[in-house]
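Residues per chain are reported as follows:
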Amino acid sequence: MLKTTLKIAVRNVLRQKGFAMLNLTGLVVGIACCLLIGVYLQHQLSYDAFHDNADRAYRLIYAQQQGEASLAPTPDEFKSRGSAFFGPRLEAEFPEVEHVVRFSGRHELLLGRGETRFQEEAYLYADVAFFSAFSFPLRAGDPETALRDPGGIVLTESAAQRYFGNAPALGQALQMGPEQQEMTVTGVMADLPSHTHFEFDLLISMATFEQNSRAVGRNHVFDNWGYVDFFTYAVLNEGASAEAFEAKLPAFVNREIGDELVDPPQSFTMALEPITEIFLGPVSDYDFGPKGNPTSLLVFGWIGVGILLIACVNFMNLATARAANRAAEVGVRKTVGAQRSGLVVQFLAEALLLTTLATVVAVAVVVVMLPAFGDLAGAVLSADALVSVPMLLALIVGTLLVAGLAGGYPAFVLSSFRPVEVLKGRSSTSRRSVVLRKGLVVFQFTAAIALMVGTLVVWQQLDFLQNRPLGFSEDQQLVVDFGRDARVQESREAIAAELAALPGVQQVSATRSIPGGHFPSSTTEVEGVDGALKRFVPGLYEVDDHFLTQLGIEPVAGRLFSDAVSSDSVAGLILNESAVRELGYARPDDVLGKRFAQSDLAGEVVGVVRNFNHESLHHDIGPLSFRVSDELGYFVLQVDADEASGVVEAVSEAWATLVPHRPFLYRFLDESFDAQYRAEAQFARLFAVCAGLAIFVACLGLFGLAAFAAQQRTREIGIRKVLGAMVPGLLGLLVRDFLVLVVLAFGLATPLVWWWMNRWLDGFAFRIDIGPDVFVWTAAVTLVIALATVSSQALRAATADPIRALRAD
């Protein structure tokens, strides 16, 4: 029985090669696209799940609210960056805490071995418990002591190769910083897997950081809870309740810093964030690794399902459209005793045969395309995911579901024909089937049109992000990184003068932070409206006297820093408009001359600058403060646009003479800012590819239906031509019905995609408004594509010999 069923299924598939190929192509594209997106989603959802302690590892997050807050902080109010102060106290006070690990870093680090020197950006200071808390394999060294002592450094295998080649690295010496502090390689670890939110090439013991900080009198780095530059992780003991531990944190905060929260009144909340939720979680505060977008993943999940459904709809449409051609077969088989159940099995077997073949081909396509798709998505994807138990189960179940979905309705429709009506020639496709086919075509194009509109909106938003005026002059600003090098600091003004004298260099300034990059925050007190000092935590830009002027950042009250005013370097502070509003002042002028205290600096506010976008346009413009400092890290050179390439070469040559102990690292400021939108650019490219695949699969079905419709109306067309009908009129007759369905699909897709894309745009503080142009362009392109797809078959039918058409069976 099974053998006979399969033999008939194969025979029927081979008999209709054209329709079978259309179905097979659509299913292969749909299944392959769904698999590719599935592998990508599996990768994105598995971040940090590989740690042995993943189910009990958490990151501490913090929310600080001014005033006597009565409401619990919302998720977007929490920050991941906090103080080094709390970690050791939590470990000492709470027995349910097994390990605490603090991280810091992010600033550039000069590291060398002999004449080999690199400026490392991907590094972290880490506590001794790192290898006990996290499952990163150590290839050489003792995980219990590798990060215990000052001077200890652990390299990844790639970093070890960079410094030592194939020679053993363990126990070897490296020199850190311009002072060439002696460091010892105490461990070599495996390179990080692609699905972790951590990102580093080397780890330095936290004991090194603490020793160096205290040696120069910076005790506040580790002793002051208001110094915010650390990430703290805690691993709880097995069986410990995270909820119960989190409930104890308010009392802990009150014991440790409660007195400091009274004047001025404020609240400070600590909470736990599971390590497996960090990558896709809402908390983001200049994390040291990649950050995912759950909304984008949800969108891609639906896109994958949508394209697969479009392919299934193709199968259903073509199968039901061919019902009349198979009516005689059904009538004869029922006449000789075939049961409906047997016919259902037969038609389902044909669907399963095609679906299984499509799945096998789709898997092969995925294996070939996975590296390219991974590059497009910005993720390292492995074909190993296809042979995992969950994926194999998903393939088997998915194949059965697709076969049932694609072949189920046609099977029941075809098997329901009555043999008497069939043999009398009255078995033409029912009106109900025609309505169903039209409804399915509308569904297909509704989904495809929604993806096309979505693609245009995403590209428009990306263009807006990259071209919106930011409120400062970012063009032709060459940023040269000197890593806060003390030796460069000592000669900074002289080096700047030499660089400014180079042809094509117009101005030179220096700063610790650049727009679009990392900047610290600093607990600051400013005299409020009532005369009392009001505490808040603005971002901090430490700059020289010329930085704000060079970038064209305009004052709206007071003045900018000036080298003619010596007190600016010890007693001057500039705020932005957002900081003024947070302090409660109605006008920028009102804050001028007010007292402030920030870290080791005290004085008065000398100016207020206009708000400018110093972060990506995902974020509102937050409060900022500016102070003159000698602890800077970048030269910023404004260069002549016509001589940019020559200037880079000249600066490189001058750098080799002026700063021979450091590599020449540079980038243009606008490029640095645009790099923040890499995720949006990847999203846009993926969206465009998916939209193209969706419209391709939908057009496959439309092509097949048009071919079938033309075939069914062959005799009618012949009669009309004999009676004088012209080709244009016949084309209109054949094309009109399909175009009406596309127009209807556009009407349904428009409100859905408008709502959908507005929700996506809400994730940006600065965004476009969706205008009518995207819908007009999409409508025009869709109609042209649909017209081209249908017209090829309609023209063939309209220009056929009418005599042959009238002789057709």
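Before reading further, recall that the structure is shown in the block above.
This write-up is about the structure you can find in this document. These figures come from a predicted structure and were not determined experimentally.

Glancing now at a nonpolar patch on the surface. On the surface, a cluster of nonpolar side chains totalling about 580 Å² of accessible area is made up of L298, W302, V305, L309, L405 and F443. Take the nonpolar patch: its biggest share by element is 4 residues, from helix 9 (residues 294-321). Within the secondary structure, V305 is located in helix 9. According to the relative accessible area criterion, V305 is partly exposed, its value standing at 37%.

Next up on the list: the pairing of strand 9 (residues 181-189). Inspection of the sheet shows strand 6 (residues 138-141) paired to strand 9 by 3 bridges, in the antiparallel sense. Looking at strand 9, one finds that L138 is bridged to M189. By the bridge criterion, 5 bridges tie strand 7 (residues 152-156) to strand 9 in an arrangement that is parallel. Following the sheet pairing, V154 is matched in strand 9 by G187. Looking at chain direction, strand 8 (residues 173-176) and strand 9 are connected through 4 bridges and run antiparallel. Within strand 9, the position partnered with A173 by the bridge is T184. In this antiparallel pair of consecutive strands, strand 8 and strand 9, the connection spans 4 residues, and G177 shows a positive phi of 75 degrees.

Here we take up the packing of helix 16 (residues 492-500) against helix 20 (residues 644-658). Where helix 16 meets helix 20, the axes come as close as 10 Å, and the angle between the chain directions of the two elements is 150 degrees. Comparing the axis directions of helix 16 and helix 20 gives the class roughly antiparallel. Two packed elements cross with a definite hand, and for helix 16 against helix 20 that hand is right-handed. In this structure, helix 16 uses I495, E498 and L499 to contact helix 20, whose residues at the interface are V651, A654 and L658. Partitioning the contact of helix 16 with helix 20 into residue classes produces 5 nonpolar, no polar and 1 charged.

Here we come to the pattern of salt bridges. For the structure on display, the rule yields 23 salt bridges. A salt bridge links E120 to R162, with the shortest nitrogen-to-oxygen separation between them at 2.7 Å. Here the residue E120 occupies a position in strand 4 (residues 116-120), and R162 occupies one in helix 5 (residues 157-164), the gap between them amounting to 42 residues. Measuring nitrogen to oxygen at the nearest pair gives 2.9 Å for the salt bridge that ties R559 to D568. One network of salt bridges, with partners in common, ties together R56, E98 and E238.

Reading guide: rules and limits
Numbers given to residues run from 1 along each chain, matching the order in which its sequence is written. Local features in this predicted model are restricted to residues whose pLDDT is 70 or higher, and side-chain atom pairs enter the listing and the counts only when it is 80 or higher, whereas totals over whole chains, interfaces and linings include all residues. Side-chain figures throughout are based on the complete set of non-hydrogen atoms in the structure, without hydrogens or water. Like charges are joined within 9 Å and nonpolar side chains (Val, Leu, Ile, Met, Phe, Trp, Tyr) within 5 Å, but only among residues with over 30% relative accessible area and no salt bridge; these make up the patches. Every accessible area reported is derived by Shrake-Rupley at a probe size of 1.4 Å, with residue values counting cover from the shown protein chains alone. Should a side-chain nitrogen of Lys or Arg be within 4 Å of a carboxyl oxygen of Asp or Glu, the pair is scored as a salt bridge. Numbering of helices and strands runs from the N terminus; a helix is a DSSP stretch of H or I covering at least four residues, while a strand is a stretch of E covering at least two. Only protein chains enter the calculation, and the probe is 1.4 Å; a residue is then buried if its accessible area is under 20% of its type maximum, exposed if over 50%, and partly exposed in between. Strand pairing is assigned whenever DSSP detects at least two bridges linking the two strands. In this description, a line fitted to the C-alpha atoms serves as the axis of each element, helices being fitted only across the stretch in contact, and the angle between N-to-C directions of two axes falls anywhere from 0 to 180 degrees. For classification purposes, angles smaller than 35 degrees are called roughly parallel, those larger than 145 roughly antiparallel, those between 65 and 115 roughly perpendicular, and all remaining angles oblique. Take the far helix as the reference: if the near one is turned anticlockwise from it by less than a right angle, the crossing is left-handed, and if turned clockwise, right-handed. In this analysis, two residues are considered to be in contact whenever any of their non-hydrogen atoms come within 4.5 Å of each other. Residues are grouped as follows: nonpolar covers Ala, Val, Leu, Ile, Met, Phe, Trp, Tyr, Cys and Pro; charged covers Asp, Glu, Lys and Arg; every other residue, Gly included, is treated as polar.

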